[in-house]
Each structure stands twice: as structure tokens, then as C-alpha cells.
Amino acid sequence: LAQANDTVVRQKLSQPLPAYAPADYFETLGELAMDAKPAQPEVALRAMQRAVAIDPSRAFAWANIAWLETAPTGHVTPDAQKALEASMAACTLCDPDLVGWRFNFVLAHWADMPEATKRMAFEQADMLRWKGDRAEFLAGMRIKAEAAGIPYADYRNAVKTPVRKWELGPTAAVPAAPPAP
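Conventions adopted
Residues numbered from 1 in each chain as written. Predicted model: local features only at pLDDT ≥ 70, side-chain atom pairs only at ≥ 80, totals over all residues. Heavy atoms only, no water. pLDDT = per-residue confidence, 0-100. Contact = heavy atoms within 4.5 Å. Helix = DSSP H or I, 4+ residues; strand = E, 2+ residues; numbered from the N terminus. Buried < 20%, exposed > 50% of the residue type's maximum accessible area, 1.4 Å probe, protein only. 1 Å grid on protein atoms, 1.4 Å probe; cavity = no way out; pocket = protein on both sides within 12 Å on 5 of 7 lines; lining within 4 Å. Points joined across faces, edges and corners; volume = space filled by probe spheres on them. Nonpolar A, V, L, I, M, F, W, Y, C, P; charged D, E, K, R; others polar. Axes fitted to C-alpha atoms, helices over the stretch in contact; angles between N-to-C directions. Left-handed = near helix turned anticlockwise from the far one by under 90°. Core = buried A, V, L, I, M, F, W, Y, C linked by side-chain atoms within 4.5 Å. Disulfide = S-S within 2.5 Å.

**Quick word on the confidence of the model for the chain**
At step 1: On average, residues of the chain carry a pLDDT of 87, and 88% of them reach 70 or more.
At step 2: Low pLDDT (under 50) marks residues 171-175, which in the prediction has zero contacts with non-local residues, meaning those over four places away or in another chain.

Structure, rendered in C-alpha cells:
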């Protein structure tokens, strides 16, 4: 499906969702519906919801549901909040891009977010300081937050990171034990 041409994709998007298919199928269909010209958010939402019903560990699908639930009004609905929390629980630190997207989403919808979600977003985003080259992204998020009146430094300073940089990078080779006598 991901490799299908535009005609096949349009045809699939115009049909009712199948009674059963793997979670990958529904998540891919949802992504294609979001990328379609014009986008088909209703189809995307139904497909993503089917994907997570089959496999609740699909953190990207949960994040897409949060966005799709929020997009019509610009406000985080209770269903969007549940989806965001499910994404954060399913993939706390598994993908730096997803962690960054969720951090940006929380900052963009700060007034709609419960305190626990704000703190979790900062805790999870802390890994971006240690993993990969994300300094520019984090600097941009800090500027965005401060411009919106979000106390970025207070939240950032409250994070108690359980890991340090040397724990995330390649480990030094351990010398082999000397041969037994």
C-alpha cells in the first residue's frame, strides 16, 4: 500500500475500511489519508484508531490521533489528550523525532495540557540533549516557549534525568580477562 500509485491510494481511501487487516495496514492508510491532496482527516482518524485498537503500542499512530483530534478546533480535546498520553507511554524515548514532535505539540497547546503531561514532555525531551544533534531544535523550542510565556527554565531545571550522556553512547571496550592459569 505504501508503494501504491496515486490512483490505487485514492481508490483505497474512497472505500470503507476493511473488517480486518494488520495494524501496519491501517496506520499506513491513515498516513496516506493525511498526505492525500486534499487531505482526508476523517479517513485518517478512523484508520489510526483501528491501528491502535489492534496494537496499542503504536506510538506514531497515537501521536497522529492527538493531532487529528486537535486540528479541527486548535484545542486539545479529551480524546487528543488520551492519545498523546498513550503515545508518550508507548514510546517514552524510542524515537528522537517523535519525542521532539510531542514536545513541540505540548508547547504549542500549553494552556490545554495537564500539569503531568507538561512535566512528562520535558522529561522525555531531556533525552534530546544527550542523543543526537538536537541543540538547535531545543534552542528553538526554548525561544518558542519563552515567547509564549511558558516558564521553560523552571520546567527544564525540574527534570531529574536518570541517565547521562556516557550511558547513551557506545561503551568503551572492556579489556578481555587474562587467561586462566
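Moving on from the coordinates now.
**So, the side chain of H109**
At step 1: By the element assignment, H109 lies in the loop between α6 (96-108) and α7 (115-125).
At step 2: On the basis of relative accessibility, which here comes to 15%, the residue H109 falls in the buried class.
At step 3: Excluding residues that lie within four positions of it along the chain, H109 makes contacts with T70, G74 and V76.

**Some words on the layout of surface pockets**
In this approach, a probe sized like a water molecule rolls over the atoms, and the result shows the empty space that is left.
At step 1: Within this model, the largest pocket holds a volume of roughly 190 Å³.
At step 2: Those elements giving two or more residues to the lining of the largest pocket turn out to be α1 (6-14) and α2 (23-35).
At step 3: Looking at the lining of the largest pocket, the element that brings in the most residues is α1, giving four residues.
At step 4: Partitioned by chemical class, the residues of the lining of the largest pocket number seven nonpolar, one polar and four charged.

**Looking at the packing of α6 against α7**
At step 1: Across the interface, α6 lies against α7 with an axial gap of 9 Å and an inter-helix angle of 145°. Here α6 and α7 pass one another in a crossing that is left-handed. Along the contact surface, α6 presents V99, R102, F103, V106 and L107, while α7 presents T117, K118, A121, F122, Q124 and A125.
At step 2: A per-class count over the contact of α6 with α7 returns seven nonpolar, two polar and two charged.

**Comments concerning the nonpolar core**
At step 1: Ranked by internal contacts, the top residues of the largest apolar core, which has 45 residues, are F103, L107 and F122.
At step 2: Considering each element in turn, this core owes the most residues, seven residues, to helix α3 (residues 41-54).
At step 3: Not counting the four nearest positions on each side in its chain, F103 is found in contact with A121, F122, A125, F137, L138, M141 and Y152.

**Observations concerning the state of the cysteines**
At step 1: Under the definition given, this model contains one disulfide.
At step 2: A disulfide bridge connects C91 with C94, and the sulfur atoms are separated by 1.7 Å. Disulfide C91 to C94: torsion about the S-S bond roughly -105°, handedness left-handed.
At step 3: We classify C91 as buried; its relative accessible area is 1%.

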